[in-house]
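Tertiary structure, described
For reference, the chains in residue letters:
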Amino acid sequence: MDLYEYQGKELFRRFGIPVSDGRLATTPEEAHEAAEQLGGPVVVKAQVLTGGRGKAGGIKLADDPADAELKAGEILGLDIRGHIVRKLWIEKASDIAKEYYLSVTFDRGEKKPLFMLTTEGGVEIEQVAEESPDALARLHIDPLEGFQPYQARRLIYEAGIDSLDEQKQILGIIEKLYACFVSADAMLCEINPLIVTPAGEVRALDSKFTVDDSALFRHPDIAEMRDVAAADPQEALAREKGVTYVKLDGEVGILGNGAGLSMATVDVVVVVGGRPANFCDLGGGGDAQGVVDALEVITSDDQVRSIFFNIFGGITRCDEVARGILAALNHMKIELPIVVRLDGTNADAGRKLLTDAAPPNLHVEPTMLEAAQRAVELAAK
Ligand code: GDP
Ligand code: MN
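This write-up is about the structure you can find in this document. (Residues numbered from 1 in each chain as written. Chains lettered and ligands numbered in written order. Predicted model: local features only at pLDDT ≥ 70, side-chain atom pairs only at ≥ 80, totals over all residues. Heavy atoms only, no water.)

Observations regarding the packing of aromatic side chains
Under the definition given, this model contains seven aromatic pairs. Relative to F181, the ring of Y178 lies with its centre 6.5 Å away and its plane at 25°, an arrangement referred to as stacked. With Y178 and F181 both in helix α6 (residues 164–183) and three residues apart, the pair spans about one turn of that helix. By relative accessible area, which is 9% here, Y178 ends up buried. (Phe/Tyr/Trp six-rings, centres within 6.5 Å; stacked < 30°, edge-to-face > 60°. Helix = DSSP H or I, 4+ residues; strand = E, 2+ residues; numbered from the N terminus. Buried < 20%, exposed > 50% of the residue type's maximum accessible area, 1.4 Å probe, protein only.)

Some remarks on the nonpolar core
Ranked by size, the top nonpolar core spans 41 residues in total, and within it F115 and F209 carry the most contacts. If one sorts the elements of this core by residue count, α6 sits on top with eight residues. In this structure, F209 is in contact with M1, D2, L3, G8, L11, F12, C180, A184, A186, L188 and C189, ignoring residues within four places of it in sequence. With 33 residues, the next largest nonpolar core counts V297, V304, L326 and L329 among its residues. (Core = buried A, V, L, I, M, F, W, Y, C linked by side-chain atoms within 4.5 Å. Contact = heavy atoms within 4.5 Å.)

Notes on the site of ligand 1
Taken together, 16 residues form the shell around ligand 1, and within it K45, R53, G54, S94 and E99 come nearest. Between ligand 1 and the protein, one listed contact pairs an oxygen atom with a side-chain N or O atom of R53 at 2.7 Å. E99 places a polar side-chain atom, nitrogen or oxygen, 2.8 Å from an oxygen atom of ligand 1. When isolated, ligand 1 has an accessible area of 560 Å², and the protein chains bury 79% of it. The site holding ligand 1 turns out to be the largest pocket. A class-by-class count of the residues in the shell around ligand 1 yields seven nonpolar, five polar and four charged. (Near = heavy atom within 4 Å. Polar contact = N/O pair within 3.5 Å; in protein donor to acceptor, adjacent residues only side chain to side chain. Areas by Shrake-Rupley, 256 points an atom, 1.4 Å probe, with all protein chains shown as cover. 1 Å grid on protein atoms, 1.4 Å probe; cavity = no way out; pocket = protein on both sides within 12 Å on 5 of 7 lines; lining within 4 Å. Sits in = over half its atoms within 2 Å of the grid points. Nonpolar A, V, L, I, M, F, W, Y, C, P; charged D, E, K, R; others polar.)

What to know about the state of the cysteines
Evaluated as defined, the whole model comprises zero disulfides. There is no disulfide at C280, and the cysteine sulfur nearest it, in C318, is 17 Å away. Assessed through its relative accessible area of 0%, C280 is described here as buried. For C318, a relative accessible area of 0% translates into the label buried. (Disulfide = S-S within 2.5 Å.)

Remarks on the layout of surface pockets
Put simply, the largest pocket is a space of about 990 Å³. G52, R53, N192, P193 and D206 are the residues nearest the centre of the largest pocket, which is lined by 40 residues in total. The set of elements that each furnish at least two residues to the lining of the largest pocket consists of β1 (2–3), β3 (42–46), β4 (59–62), β8 (98–107), α4 (125–131), β11 (186–196) and β13 (208–211). Across the lining of the largest pocket, the residue classes break down as 17 nonpolar, 11 polar and 12 charged. (Points joined across faces, edges and corners; volume = space filled by probe spheres on them.)

Notes on unusual backbone geometry
Trans is the common state for peptide bonds, and a negative phi is the common state for residues other than glycine. Put simply, N192 and P193 share a cis peptide bond, and its omega is 10°. Within the element layout of this structure, P193 appears in strand β11. At N346, a residue that is not glycine, the phi angle is positive and equals roughly 55°. Its location among the elements puts N346 in the loop between β18 (338–344) and α12 (347–357). Although it is not a glycine, A358 sits at a positive phi angle of roughly 40°. Position of A358 relative to the elements: it lies in the loop between α12 and β19 (362–364). Exposure remark for A358: the relative accessible area of 47% places this residue in the partly exposed category.

Here's the deal with the sheet that holds strand β15 (residues 252–256)
One open sheet holds the six strands; their spatial order is β14-β16-β15-β17-β18-β19, and the pairing between them is mixed. The two strands at the open ends of the sheet, each matched to only one other strand, are β14 (244–247) and β19. When strand polarity is set aside, the average angle formed by the axes of neighbouring strands in this sheet is 15°. Strand direction decides the pairing type here: β15 and strand β16 (residues 278–281), joined by two bridges, are parallel. Looking at the pairing, G256 lines up with D281 of β16. Here helix α9 (residues 259–271) sits on the sheet and contacts β15, β16, β17 (306–313) and β18; the angle it forms with β16, its principal contact strand, is near 150°. Along the sheet face, helix α13 (residues 368–380) touches β15, β17, β18 and β19 and points at about 165° away from the line of β17. (Pairing = 2+ DSSP bridges. Axes fitted to C-alpha atoms, helices over the stretch in contact; angles between N-to-C directions.)

Have a look at this one:
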């Protein structure tokens, strides 16, 4: 789950990482009021779950409350790469002498958290990594040993930060950022830019924060930050129903049991010339309610032209899945063609149930390949 800048900064603040004072606003009037409360020049910042807002015109400085109101009016409603701006963060403006970059993320290859620090901040980190890789200092943290200040000192030297005062402040920020990363079960905490003010004060001017979805159950306060209105409606429905669902852009809706089989199904559909509309995993279940829930999510995508059920019965019994499919078809009206391939435990019984009931839009195929071909063919009609 990605957090908005203002939410990430709230977590930073709780861990003692210096951030600027700010207020949330959803209208130009609220922006006016926020600027009045903050006093002095402010920066009006679009809150959208994508980076590069500055270049897209989503970040503007304002001299006074009237100007903040004006700038808020310009930014609200902007479309930043598909994200419509509905919320603004009004923050006390900072004077900037230098822009650094600091992040901690997972290095899956090393199975360790990885810090990156560079004095070439403000721009996209991918650009720094490409154009001046030597400027990017890296440090892995052993998750069992935990954070050791001497390692962070090495990271700071390697990045070429030579002011003693900055070194001290950044050391503190790295330590706090690691604590924040670990206790929030984060996947990414990025500060870009980490600024140095003309007075020499180091502060987080931006925040990019991703929390591991699987850990949200132990962070009810973070889970609550999710912006339901901004979420993809199908993914929101899937989450609500507990269905594993990933939207893709093709026409064949896919339901498999187990992630491996579902992925293989996506591949087979592509191999026979089709395009998957989604990746949907029924998991170990296959009971009627599970099938109904998954079908509801899949059919809520109007790009779907056919549905492909690919079930391999292991512990899940094919006859039970077949009953689930029939119950689902009784329960909801689906006119789209449905192609079913059942194999494994009780496959014969399952196929018999389906062919006996014989709903006109239901096609039972003997193999995964034939079923994929049929589903792709029917999607093209
Ligand atoms: P991003 O473009 O989405 O990464 O948004 P940022 O929050 O990083 O802001 C983009 C840029 O706007 C920063 O790199 C700064 O150069 C500038 N900026 C943001 N806040 C301030 C501020 O308080 N004062 C000044 N002078 N510039 C700011
Ligand atoms: Mn930024």
